[in-house]
Amino acid sequence: FPGREANPLISFSGVGYRSSFMAFSADAPIDLHFGASVDAYQFVPLHRYAKTGEPLDNITDWALNKFVTHYGKAAKITKNDIFHYVYGVLHDPVYRTTYAQNLKRELPRVPLHPDFRQWAGWGKRLMDLHIGYEGVDPWPVTRTDTPDTKARTAGVSPKVILKSDPDNGTITLDSETVISGIPTAAWDYRLGNRSGLDWILDQHKEKTPKDPTIRERFNTYRFADHKEKVADLIARVTRVSVETVEVVEAMKGAKRDARTDQPREDGE
């Protein structure tokens, strides 16, 4: 990522993962353990860069020829299309189940499904959602604010709670604010070992550093300073989560490479 050029990446669970297999996309470097502390995640960007800064295709001509040979020149497949296709396939629940053991031992292998455009379209839709999550239309959630008179009388911020309740479709931010009207399906979209919504809550908790020097000099984060941004982000990630689940559910009924329809013998 040498400059400001757009360079999307596909991230996926590394070999030997222990939490659920996951795929995600971003347009900047990501933390090695961002999905789960017990797992590492590998990523492959659309481009590599020469020492001169020149962008190089990370999808080889050999790979493009494989797709063109299989689907025909009339399909007019580009390398960007292949990138989106792969992202779609990595979200396929049937693929993940069929090759669960293989994915733990080696890099993902990509099947060639009958309808290339359908899978590439799904992959592009998911990538647009996951990279552009901050710009999607917020889900129409309901926000209820009830003043915490005890905290206000004491001149302190409301008590931070940051707890989700999927059964009731609510998230409690603090002792004053509850967000409701969140579809249960929103919690079905998971990033590693937690849902996207719970990932937001975990990352915005107030945590006291153990090191006394760090605690004294740098313990300045307060949730109250970021509350409005978090409330907005929850509504947008709800949209991303619900629409991701809809795409993944649609994948279940799609036609596939015949070898993906049945569980494989160990090692195949």
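For every chain, the first residue of its written sequence is number 1, and the numbers climb from 1 along that sequence. Local features in this predicted model are restricted to residues whose pLDDT is 70 or higher, and side-chain atom pairs enter the listing and the counts only when it is 80 or higher, whereas totals over whole chains, interfaces and linings include all residues. Computation of side-chain values covers all heavy atoms of the structure but excludes hydrogens and water.

Examining the sheet that holds strand β9 (residues 177-180)
Phase 1 of the analysis: Pairing within the open sheet is antiparallel, and its four strands lie in the order β6-β9-β8-β7. The open sheet is flanked by β6 (142-145) and β7 (160-165), the only strands paired with a single partner. Adjacent strand axes in the sheet meet at a mean angle of 15°, parallel and antiparallel pairs treated alike.
Phase 2 of the analysis: One requirement defines pairing of two strands: DSSP has to find at least two bridges between them. Here a strand is any run of E in DSSP of at least two residues, a helix any run of H or I of at least four, and the numbering for each starts at the N terminus. The sheet contact formed by β7 and strand β8 (residues 170-174) spans four bridges and is antiparallel. By the bridge assignment, S164 is partnered in β8 with I171. Between N-to-C directions, angles span 0 to 180 degrees; the directions come from axes that are lines fitted to C-alpha atoms, helices contributing only their stretch in contact.

Description of the pairing of β9
Phase 1 of the analysis: Sheet topology note: the β6/β9 ladder contains four bridges and is antiparallel. Within β9, the residue paired with D145 across the bridge is T177.
Phase 2 of the analysis: Taking the residues that link successive antiparallel strands as the turn, the β8-β9 hairpin has two residues.

A closer look at the confidence of the model for the protein chain
Phase 1 of the analysis: Within the protein chain, residue pLDDT values average 92, and 96% of them lie at 70 or more.
Phase 2 of the analysis: Confidence of the predictor in every single residue is expressed as pLDDT, which spans 0 to 100. Contact definition: two residues touch when any of their heavy atoms are within 4.5 Å. Low confidence marks residues 262-268, where pLDDT is under 50. Its contacts with residues over four positions away, or in another chain, come to ten contacts.

A short note on the sheet that holds strand β1 (residues 9-13)
Phase 1 of the analysis: Strand order across the open sheet formed by three strands is β2-β1-β3, with antiparallel pairing between neighbours. With partners counted over all chains shown, the strands left at the sheet margins are β2 (23-26) and β3 (41-45), one partner each. On average, each strand axis in the sheet is inclined to that of its neighbour by 25°, with strand direction left out of account.
Phase 2 of the analysis: As paired elements, β1 and β2 share four bridges and run antiparallel to each other. Residue pairing for β2: S11 is matched across the bridge by F24.
Phase 3 of the analysis: Against the sheet, helix α2 (residues 79-90) contacts β1, β2 and β3, and its axis sits at roughly 25° relative to β1.
Phase 4 of the analysis: Where helix α5 (residues 116-131) meets the sheet, it contacts β1 and β2, and its direction lies at approximately 60° from that of β2.

Digging into helix α7 (residues 196-203)
Phase 1 of the analysis: Within α7, burial applies to G196, L197, I200, L201 and D202.
Phase 2 of the analysis: Against β7, β8, β10 (190-191), β11 (194-195) and α9 (227-251) lie the buried residues of α7. Note on classification: 1.4 Å probe, protein chains only; a residue is buried when its accessible area is under 20% of the maximum for its type, exposed when over 50%, partly exposed between these limits.

Quick notes on the nonpolar core
Across soluble globular proteins, nonpolar side chains show a tendency to be buried alongside one another.
Phase 1 of the analysis: Among the nonpolar cores identified, the biggest contains 42 residues, and I10, I82, Y85, L90 and F116 are the most heavily contacted of them.
Phase 2 of the analysis: Of all the elements in the fold, those that place two or more residues in this core are β1, β2, α1 (61-71), α2, α5 and α9.
Phase 3 of the analysis: Among all residues touching L90, those that are not within four sequence positions of it are I10, F12, F21, A23, Y95, R96 and P108.
Phase 4 of the analysis: Take the buried residues of types Ala, Val, Leu, Ile, Met, Phe, Trp, Tyr and Cys, join any two whose side-chain atoms come within 4.5 Å, and each joined set is a nonpolar core. Core analysis: the second largest hydrophobic core is formed by 17 residues, L173, F223, A231 and V242 among them.

Section: the side chain of H130
Phase 1 of the analysis: Mapped onto the fold, H130 is located in helix α5.
Phase 2 of the analysis: Here T244 takes part through its side chain, which lies 3.0 Å from a polar atom of the side chain of H130.
Phase 3 of the analysis: Here H130 is in contact with F24, S25, Y87, H91, Y189, V240 and T244, once residues within four sequence places are set aside. Side-chain atoms alone can form a polar contact between residues adjacent in sequence; in general such a contact is a pair of N or O atoms within 3.5 Å, and within protein one must be able to donate a hydrogen while the other accepts it.

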